[in-house]
Amino acid sequence: METRNTKQKELILDILSRKENMIHPTIGELTTLVLNEDKSIGQATIYRNIKKLVREGKIKKILTNDGYRYDINADLHGHLVCVKCHSVYDLYDESYNKLVAHLEKNYQVKISNTNIIFDGLCPKCQESNNK
Ligand SMILES: [Zn+2]
Ligand SMILES: [Zn+2]
């Protein structure tokens, strides 16, 4: 049973790390992607394995206005969620590290996870707004 679970978790990680899936899927989208690869896995099992991966710190759960999205990229980064097309963009910036260090020092806390979300318009939607 454990090896079966390991295999399924590996499949989930593999699917999430593919370039075409860097869309920060919702749990529904991620489940569909897994089922496309292996129809024999039950939905409850997929949900359970996704939860386990989050607990193990292998994938990140990010809370957006549309609900939870999943991200395999564990590097410290923020997200822009487009209010129009709902795509999620990764935003990398040196300053997050500085901010975390600053907050840890000023408040004597240890930050282990972040959920930095910006709402706004993605480049594509800004273009279509101007048309
Ligand atoms: Zn957009
Ligand atoms: Zn991301």
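Residues numbered from 1 in each chain as written. Chains lettered and ligands numbered in written order. Predicted model: local features only at pLDDT ≥ 70, side-chain atom pairs only at ≥ 80, totals over all residues. Heavy atoms only, no water.

A few words now on the nonpolar core. Among the nonpolar cores identified, the biggest contains 12 residues, and these are Leu11, Ile12, Ile15, Leu16, Leu30, Val34, Ile41, Ile46, Ile50, Leu53, Ile59 and Tyr70. Counting residues per element, this core draws most heavily on helix H1 (residues 2-17), which supplies 4 residues. When near neighbours in sequence (up to four residues on either side) are disregarded, Leu11 contacts Val34, Glu37, Asp38 and Ile41. (Core = buried A, V, L, I, M, F, W, Y, C linked by side-chain atoms within 4.5 Å. Buried < 20%, exposed > 50% of the residue type's maximum accessible area, 1.4 Å probe, protein only. Helix = DSSP H or I, 4+ residues; strand = E, 2+ residues; numbered from the N terminus. Contact = heavy atoms within 4.5 Å.)

Across the sheet, which stays open at both edges, the 3 strands sit in the order E4-E3-E5 with mixed pairing between neighbours. The two strands at the open ends of the sheet, each matched to only one other strand, are strand E4 (88-91) and strand E5 (117-120). Averaged over neighbouring strand pairs, the angle between their axes works out to 25 degrees when direction is ignored. Across 4 bridges, the pairing between strand E3 (residues 78-82) and E4 is antiparallel. When the bridges of E4 are listed, Val81 appears paired with Val88. (Pairing = 2+ DSSP bridges. Axes fitted to C-alpha atoms, helices over the stretch in contact; angles between N-to-C directions.)

Time to look at the side chain of Lys60. Summarising the element assignment, Lys60 is placed in strand E1 (residues 60-64). Look at Lys60: it is buried, it has no salt bridge, and the nearest opposite charge is Asp71 at 6.3 Å. At a separation of 3.3 Å, a polar atom in the side chain of Lys60 contacts the main-chain carbonyl oxygen of Thr114. Leave out the neighbours within four places in its chain, and Lys60 touches Arg69, Tyr70, Asp71, Asn73, Asn113 and Thr114. (Lys, Arg positive; Asp, Glu negative; His and termini not counted. Salt bridge = Lys/Arg side-chain N within 4 Å of Asp/Glu carboxyl O. Polar contact = N/O pair within 3.5 Å; in protein donor to acceptor, adjacent residues only side chain to side chain.)

Those donors, Cys82 (SG), Cys85 (SG), Cys122 (SG) and Cys125 (SG), are the protein atoms that reach the zinc ion (ligand 1), and they lie 2.3 Å from it. Between consecutive donors of the zinc ion (ligand 1), the numbers of intervening residues give the motif C-x2-C-x36-C-x2-C. Taken together, the residues span a long stretch of sequence, with Cys82 in strand E3 and Cys125 in helix H5 (residues 123-130) at a distance of 43 residues. For Cys125, a relative accessible area of 9% translates into the label buried. (Donors = N, O, S within 2.8 Å, 3.2 Å for Na, K, Ca; no water.)

Of the strand pairs in this sheet, E1 and strand E2 (residues 67-71) are connected by 5 bridges, and their pairing is antiparallel. Considered in E2, the bridge of Lys61 is made with Tyr70. Once E1 ends, the chain turns through 2 residues before running back antiparallel as E2.

Looking now at the confidence of the model for the protein chain. Note: predicted coordinates in regions of low pLDDT should not be interpreted at a detailed level. Averaged over the protein chain, the pLDDT score is 91; the fraction of residues at 70 or greater is 97%. Looking across the protein chain, the model is least confident in H5, with a mean pLDDT of 86, and most confident in helix H4 (residues 94-107), with 96. (pLDDT = per-residue confidence, 0-100.)

The next point concerns the packing of helix H2 (residues 27-37) against helix H3 (residues 43-55). In the contact formed by H2 and H3, the axes pass within 10 Å of each other and the chain directions differ by 115 degrees. When you trace H2 past H3, the crossing you get is right-handed. Packed against H2, whose contacting residues are Ile27, Leu30, Thr31, Val34 and Leu35, the element H3 presents Gln43, Ile46, Tyr47 and Ile50 at the interface. Classifying every residue of the contact of H2 with H3 gives 7 nonpolar, 2 polar and no charged. (Left-handed = near helix turned anticlockwise from the far one by under 90°. Nonpolar A, V, L, I, M, F, W, Y, C, P; charged D, E, K, R; others polar.)

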